[in-house]
Amino acid sequence: MVAGSKRGLEDSAGAPRSKKTRVEAKSTKRTAASFKSPAPRLNIAQEEVDFPRGGGTSLTPLEVKAIRAEAVKEADEELFNQTKRDRRKSDVKGKKQADKNAKAELVRIEHLNYKRIAVGMRLFGQIISVEPLALIVSLPNQLFAHVPVTNITSQLTQLLENMDEDASMASDESDNEAGPSRKSRVPELFEIFRVGQYVRSVVTAVHAAGSTDSFGLGRTRDDAHKASMRVELSLVPQKVNEGVVKADLKPGFTLSSAVKSIEDHGYILDFGVGEISGFLSFKDAEREPSTAGKQLQVGHLVEVCVLKLSPNGRTCNVTSSRDSVRNGLLSEVSNVKSILPGELVQGLITAVQSKGLNLQILGFFSGTIDEFHLRTGPVEDNYKIGQKVRTRVLYDVEPSTSSAPRFALSLANHVVSLTSKRVGDAGDDDQSILQDAFPIGSIIETVKVIRVDTERGLIVEINSGLEGFVHISQTSDDHVPSLSPTSGPWKIGTIHRARVTGYHPLDGLLQLTMRQSILEQRFLQVGEVHVGEVIKGTVKKLTDSALFVSISGNVDGVIWPTHYAEIALKHPQKRFKPGGSIKCRILVVDAERKRVVLTAKKTLIESRLPIISKLEDAKIGLITHAVVFKISEKSLQVEFFNNMKAIVPIREASETTVSSLSGTFPIGKAVQVRIIQVDPETSRIVASIRQAAQNFQSAITAIQDVEIGNSVEGAVSEFQKDKIVITLHPTQVRALLSLNNLANRRGVTLANLRTSLKVGEKLSDLVVTSRNPEKGFVLVATKPKEKEAVLQKHGLSIDTVQPGQVVGGRVIRHVRQGALVKLTARLSGLLHPTDTCDDYEAGSPFPLANSVIKATVISVGKDKRQLTLSTRPSVMYPDQVKPVEDKVINDLNDLVVGATVRGFIKSVAEHGLFVMLGRNVDARVQIKELFDEFVKDWKSRFTANQLVKGRVLSVDVEKKQVELSFRSGDSKESSLLKLTDLTEGQKVDAIVKKIEDYGLFLEVEGSKIRGLCHKSELSDNKDADVSLALRSFREGDRVKANVLSIDVGRRRISFGLKPSYFAEGDFAAEEEADEDDDLVPLGVVEDVSEADEEEDDNNENVNEEIDSEGEEEEADDDEDEVMKVDTAADVGNQFRGIATKDTASSAPMLELAGGFQWSAEQSEEHDEISASSSGDDDEATQPGKKKKKRRKQIEQDLTADLHTKVPESNADFERMLLGSPNSSYLWVQYMSFQLQLSEVDKAREIAHRALRTINFREEQEKLNIWIALLNLENVYGTEETLETTFKEAARHNDSKTVHLRLAAILDQSEKLEKAEEQYKRTCKKFGHSSKVWTLFGEYCLRHGEREEARNLLPRSLQSLEKRKHLKTISKFAQLEYKFGDPERGKTIFEGIVDSHPKRWDLWSIYLDMEAGQEDMSSVRHLFDRVLAQKMTSHKAKSFFKKWLELERRLGDEEGATVVKEKAIEWTQRATNSG
């Protein structure tokens, strides 16, 4: 009986089994301990009768004994026969038996095919295509499958089912004007999956070959789509993870999961494993590159790796890190179903076969690896028995030859590492993926057959490490029943030509074909078709909507009716017959949609002009063909190749006036156009049909050669209102010239010029001042009479301009460093006031804006792309010898202590003035050096840019500091020269103090330095009588001496008076200085006469003040950085919350009261000097009063002045802040005071202290401090500190307000690029705010960017709520009136009042805007329109009142009378109708 049972098992194991039986067997529950086939279960069921429950039996005791005896006898016979075997044959027979057992232990390696795939089988695959409603997946052994959108996750399916319900609810809520309901958005498949991603799946259905499309892919596009239709998969974690239990969820276990919900700190995941949920933190989700930066949606499928299981066993922490999922190793499982496809396991090679390997995994289960998932080369050479490898599970094989579970595994590098197959050398960084290295349609000239599967196909070698698969049906156009590895045309080692038709990404193979018919095809797929190719096709089918043409193989194209011919065909079926040949041209290629659009228009087919298929092809001036596809009232829209479109304005449609565009240019007409404008940002192309005509001489290309500053000539071609149109020769470029400019140049009146000027008259001596390449014209002006022509035959650029070159340009505006001169569109220069003329008093240091000047280039700043210019005659015309009143001061070495210099007041600080002496040299004048006597209100005496004259007191080259004095030379309080201030060889003025026999003792003027001039240094004549020379001097004589030597240690100095030590210039300079000292006092040069007159009557006022801008470029190391910032920005204006240029405003502003100071100690010194001067002045004016009484009076004055005077020290500010701790004005003034002392860090500290001190309820006061801090960082800080401060300010205040304030600050400091970037940043963050968009629009219009401003309006309407649209449109219309084109603003308002006639507020705004244009006829017309509508008497009264006020202000008395009459008439009409 045992033997019978054994034979039964062998028969059942060897017999073939049906598919149905295998599928059912696989669906049963299997364990690692036991797995029995169905046949043994049947035998057990038959023997259950002989073994009833309880251990009883149906046999009699006698029968039992007989059976036992028979069994013992059979066992003895078997043992006896074994011992009687022939010993000579025992070795041979034993060897055969061992071989038989070894063969029995080998597991057959089988390939997966569509017949072996059964429902419930779990497979590992790789996505090759993401369709809108399905995924296409690559399976092992060159198979394909699809995953419908309903089989992704149960959560995604639920969202899809609720879509209709959500849509209806949303429509109901919109009808009720309620907010939108917050439902989970349904993610698209391309948001969840990517091509090349690996997925775990389970088979849900297998269709027969040739079955219809059942999952929504629509028309099949290629072989992979067709093949994938046979197998339907599911990725739902509940199905894929079936069999996984809680005990399997150990660290390192990987599985697929679905996002169930989104919580505060992460995602709740659904494993489909009992009641256990997963938790994925946002931080862990960010580690995955594919999900970094975006939030996962409910229904998203995520591959995760287990980190730990919570103690309660209900939550499992996981990570989606790619490295964790890739390296998660499965070491033990609770049952066989816990082994999921895609798991990485440790395997032991148990057998090496020619077609693959046998392995043992997890210590018990067997597995196989076929040759497709091994390294290339002989299997026996690459792998050895007993070798341990890490392998990845592909699918579970239905057991057929053994009772143990078996798995198909992979050792392919790209599968184990979960990456895409790459082609190239192993160490090469430029490895490309399979699809990029060999696109579909590529022809491979030589492939070598390396393996042959008789029934399946060929394995060929393409290059080292890359193989391809040729199915048996693709080896030849003829039927091939089988393949032979040793004979025939496809035997191993033969070389063939093949073509790529697809990919098997999971196997890492190329799908190839050797069929000659396919090799000869021109196109294999849509991606190979190139736009613009002329081809011949075959008509397949003609429908009412399109014509379908076969191009090559499976590639078809479509021709739309507008492209059937040059004209519209009434009967296209007569021209296009199925099967007929047709010549056409590729118009559009859409590789994603697998669509090719053709054209049969003869004009396009035969066109030799360049085509436009992408934006980069559209070059200005390019002429090409296009087709009209849309017509509007004022423009045409034409289409190029590949869906590129352009607009043709009505003015560019024809040379003559076109009454009807649709009649002249019907839809479908082929036209020739010229590209005249391209905007890369908006992808907008403007074309012209008029300029593409052969007889049109275009000036578009010629305008590129016309640079600003060029001298041109031309002829008058047209008259306009206040300009004339000139055609320049020989470029034919149109130019505009102002009639006023030409009249001034000719010295005639405007009326006489209009009478005398004729069309065709030639004009010369014109200079280009501006150009507009977009509209094709330039602006010109007549050359100034006093200026010479500045010829610039070759355009100026920062690379071609050289120092010393003479250039011409137009003064744009004045900045802190001088006049900004525009030379070309991309090149500008800076003209410092000290570089304008050789005589500051007689010249014009500040040229007028918009004036054209000629200058010499001093230096070229390539980093800032800016030139330094000079208009000094001595620089421009060095050959002409003319006296230079004010020499150029380039650095501190050009200054001499005691010399008199002139300069311009740069700024007024709290403690003195700053004077510009040169481009890089500034000097300071302290308060004590301004006047010879005390003047209390000294600031009112000075203004910015005043010309002043002073004496150099000291020059500190190391600290880069210069001190000046406006005081007279005999002042006792003026600063004295020191010995260290003198240098050897210096010429000084001295006074003879004492005469000795051996020489003269001299004292340097303006100091107490005395030295000896030895008698040997009096004359160059050695034979002269020195004693006679000594007697010629008298004490008190003034002499010019030369410093011979200085001994600082012994404090000795030696002088020389020899004539050879001096030149004529030394004495000439002295004479000039003497004249200046005698005739012109120091101080403000312009007010000299007034000062002389006032000096006789009142000895108080001498000089005037200068506005401070708080800047000192030549400071020490710590201050140098601050000075560089100051040169680019106006501290006084920058330190305000709101932009203003009115510095005389009486209202207190949050600003810096003064400029930069070197140190606080000097400030205190000035305070003491000022106080002492005040005391001395009082004493001098009241000599008769008692000292005690005078001191008491002074104390009373100071006490009364404490509440009104401006704080001048830290103590003053601290005292005032004690009384007003919440005053942002005081805090900001305190910050300003510190900045004047260059204490930038202390100013920051005060700002933060203010933020801590001000009460939290005072939000506006705190905002003022933040704005002041932003201004400080903008001027003195770096981009990093400004950004940090900005972010903090946005967190502590209204974020939108801070964003807008920063944009305004950057705009005020003329950092236009950063300001525009900030506005864009604000619009992106606060797109729902109408104020943000209107302020951005105002910014663009103020800076001349009209097109950018106008493009903002449609962009803003897309972001704003509908209720804000009207307000925004109205604001933009008002901006057009103020900064743009009033006609455009009028057009916008007309549209508003036309659609909203009852919005009286908008009517009022419209009327105010029109009134601002001072056109009363238009205003009257508007009032007539608005009053013609029905309204209340109260509203009508307000309109009539406004009308009457405007008539009195802008109109006349007659108009006012008419208004009154109309008001009475309206009232009577309203009364009668009532």
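What you are looking at is a predicted structure, and each value in this text was computed from that prediction instead of being measured.

About the criteria used
Residues numbered from 1 in each chain as written. Predicted model: local features only at pLDDT ≥ 70, side-chain atom pairs only at ≥ 80, totals over all residues. Heavy atoms only, no water. Phe/Tyr/Trp six-rings, centres within 6.5 Å; stacked < 30°, edge-to-face > 60°. Helix = DSSP H or I, 4+ residues; strand = E, 2+ residues; numbered from the N terminus. Buried < 20%, exposed > 50% of the residue type's maximum accessible area, 1.4 Å probe, protein only. pLDDT = per-residue confidence, 0-100. Contact = heavy atoms within 4.5 Å. Pairing = 2+ DSSP bridges. Axes fitted to C-alpha atoms, helices over the stretch in contact; angles between N-to-C directions. Parallel < 35°, antiparallel > 145°, perpendicular 65-115°, else oblique. Nonpolar A, V, L, I, M, F, W, Y, C, P; charged D, E, K, R; others polar. Expected span 1.5 Å × (residues − 1). Arc of directions from axis to C-beta.

To continue, consider the packing of aromatic side chains. The final tally for this structure, using the stated rule, is 19 aromatic pairs. Considering the side-chain rings of F365 and F407, the 6.1 Å spacing of their centres and the 85° angle between planes classify their relative orientation as edge-to-face. Of the two residues, F365 is situated in strand β14 (residues 365-370) and F407 in strand β16 (residues 406-410); the sequence distance between them amounts to 42 residues. Note on F365: relative accessible area 3%, which makes it buried. With a relative accessible area of 2%, F407 lands in the buried category. For the ring pair F1423 and W1443, a centre distance of 5.0 Å and an interplane angle of 0° mean the geometry is stacked. Residue F1423 is located in helix α41 (residues 1416-1427), and its partner W1443 is located in helix α42 (residues 1433-1450); the two are separated by 20 residues in the primary sequence.

This part is about the confidence of the model for the protein. Residue-level pLDDT values for the protein average 77, and 78% of them are 70 or greater. Taken together, the stretch residues 1-51 has pLDDT below 50 and engages in 39 contacts with residues farther than four places along the chain or on a different chain.

If you walk around this closed barrel you meet the 5 strands as β24-β25-β26-β28-β27, and the pairing is mixed. The sheet shows a mean angle of 50° between the axes of neighbouring strands, taken without regard to direction. Taken together, the 5 bridges between strand β24 (residues 534-542) and strand β27 (residues 581-590) define a ladder with antiparallel strand orientation. Pairing of V534 across the sheet is with R585, part of β27.

Here we take up the environment of G468. Inspection of the secondary structure assignment puts G468 in strand β21 (residues 466-471). Counting along the chain gives 21 residues from G468 to V447, while the straight-line C-alpha distance between them is 8.6 Å.

In the contact formed by helix α33 (residues 1279-1292) and helix α34 (residues 1295-1308), the axes pass within 8 Å of each other and the chain directions differ by 150°. One way to sum up the angle between α33 and α34 is to call them roughly antiparallel. Contacts between α33 and α34 involve L1282, F1286, A1289 and A1290 from the first element and S1295, V1298, H1299, L1302 and L1306 from the second. Along the lines of polarity and charge, the residues of the contact of α33 with α34 split into 7 nonpolar, 2 polar and no charged.

Look at helix α43 (residues 1453-1473): 30 Å from first C-alpha to last across 21 residues, which is about the 30 Å you get at 1.5 Å a residue. Regarding α43, the residues found buried are G1455, A1456, V1459 and W1466. Buried residues along α43 cover an arc of 100° about the axis, so they all sit on one side. The exposed residues of α43 that point more than 90 degrees off its buried face are E1453, E1454, T1471 and N1472.

Along strand β4 (residues 198-206), 7 of the 9 residues are buried, which leaves the element largely enclosed by surrounding structure. As paired strands, strand β1 (residues 122-130) and β4 are joined by 5 bridges and run antiparallel to one another. Each residue of the ladder has a partner; that of Q126, found in β4, is Y198.

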